[in-house]
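Report on the structure
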Amino acid sequence: MDQFQTLSLLNLSMIQNGIFTIAAFFILWVAFRMASQVRGEQGTLVAKIFTTLFGLMVILFGLQVFANRTYALAASAKSLLAIKASGQALSVQAESYLAGPYGTVPAELQYSLFSQSSSIIWWAVVAVILLGVIWLPVKK
């Protein structure tokens, strides 16, 4: 695969990831709407449990979307580094991509939901807020 194909596949994966990110935030909004409906005395225990399960599944989906983005960026950098190591000259765009934060890649790529600390913090805060909305008592 040459650098044009690598950068084109990266572009396609970023478009796909953007669409999935929009979907993740939309269903997160749905989860918060559900949580506000079952808040306090208004919701039964069964409704609160199902809303909690739905919210946790949304958070898992969001972690997967963020992990896919990180993995695609690292895989593209690894592919460009392999092309460069084979002796081919890289374009200015490919060189500038490698000069960025994803230019150094570990020898063995591994997919991980917890590869980026900012996404872990984001989704942990979302989980705490969502569970707080569902389960904390309402002040009268």
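Now for a quick tour of the structure. Not measured: the values here are computed from a predicted model.

Taken as a whole and judged by the stated rule, the model has one salt bridge. When the shortest N-O distance is used, the salt bridge between K84 and E95 registers 3.2 Å. Placement of K84 in helix α2 (residues 45–85) and of E95 in helix α3 (residues 92–99) is noted, with a sequence separation of 11 residues between them. K84 gets classed as partly exposed once you look at its relative accessible area, which sits at 41%. Residue classification places E95 among the partly exposed positions, given a relative accessible area of 31%.

Another aspect to go through is the side chain of K48. Along the chain, K48 turns up in helix α2. The exposure class of K48 is buried, given its relative accessible area of 12%. Residues contacting K48, with those up to four places away along its chain left out, are V38, G40, G43, I134 and W135.

So, on to helix α1 (residues 3–37). Its 35 residues give α1 an end-to-end C-alpha distance of 51 Å, which sits within 8% of 51 Å, the value for a rise of 1.5 Å per residue. Listing the buried residues of α1 in full gives Q3, T6, L10, S13, N17, T21, A24, L28, A31 and A35. Its buried side turned inward, α1 meets α2, α3 and α4 (117–135).

About the criteria used
- Sequence order sets the numbering: in each chain, residues are counted from 1 along the sequence as written.
- Local features are withheld for residues below a pLDDT of 70 in this predicted model, meaning they are given only at 70 or higher, and side-chain atom pairs are given and counted only at 80 or more; totals for whole chains, interfaces and linings count all residues.
- Side-chain measures here rest on the full set of heavy atoms in the structure, leaving out hydrogens and waters.
- One speaks of a salt bridge when a side-chain nitrogen belonging to Lys or Arg is within 4 Å of a carboxyl oxygen belonging to Asp or Glu.
- Labels follow the DSSP assignment, with helices taken as runs of H or I lasting at least four residues and strands as runs of E lasting at least two, numbered in each case from the N terminus.
- Buried, partly exposed and exposed residues are distinguished by accessible area as a fraction of the type maximum, computed with a 1.4 Å probe on protein chains only: under 20%, between the cut-offs, and over 50%, respectively.
- Contacts were defined at the residue level, with two residues in contact if any of their heavy atoms lie within 4.5 Å.
- An expected span of 1.5 Å times one less than the residue number is assigned to each helix.

It is worth stressing that arrangement in space is one thing and function is another; only the former is reported here.
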